[in-house]
Amino acid sequence: EITVESNVGIGETDALLALSVYPNPTSDQFYLAPPPGMGTMTVRLFTLEGRMVWNDEYANPPETVVIPVHNLANGQYVVHVSAAHQQWLEKVQVFR
């Protein structure tokens, strides 16, 4: 038996839309700007093959989270952000 629940409301959608990643493409680091009051947030960075290459958790995220990528190979990566019952994905290009 499979049960699917969808609890996404307008407020949750607005919070997800307010999350931004910049600059993209990037070479040394990129920034993640969560909306105010997001609460505990987990940020993970994955290769396109699914290998996690960076992760961190923020109980009270700052206005701007710095994600270092200077040690990563050129290519595309997936940023996965989760907070409460929300998840958000964005591709980031590392290019030197």
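Caption draft 1: How the structure looks around the environment of Asn 71. Here Asn 71 shows up in the loop between strand 5 (65-68) and strand 6 (75-83). Since its relative accessible area comes to 60%, Asn 71 is described here as exposed. Each C-alpha atom of the pair Asn 71 and Asp 28 lies 8.0 Å from the other, and the pair is 43 residues apart in sequence.

Caption draft 2: Examining unusual backbone geometry more closely. Along the chain, Tyr 22 connects to Pro 23 via a cis peptide bond; the corresponding omega equals -15°. By the element assignment, Pro 23 lies in the loop between strand 1 (20-22) and strand 2 (29-33). Cis geometry is adopted by the peptide bond preceding Pro 25, which originates at Asn 24 and carries an omega value of 10°. The phi dihedral of Ala 84 falls on the positive side, at around 55°, and the residue is not glycine. Its location among the elements puts Ala 84 in the loop between strand 6 and strand 7 (86-94). We classify Ala 84 as exposed; its relative accessible area is 74%.

Reading guide: rules and limits
Residues numbered from 1 in each chain as written. Predicted model: local features only at pLDDT ≥ 70, side-chain atom pairs only at ≥ 80, totals over all residues. Heavy atoms only, no water. Helix = DSSP H or I, 4+ residues; strand = E, 2+ residues; numbered from the N terminus. Buried < 20%, exposed > 50% of the residue type's maximum accessible area, 1.4 Å probe, protein only.

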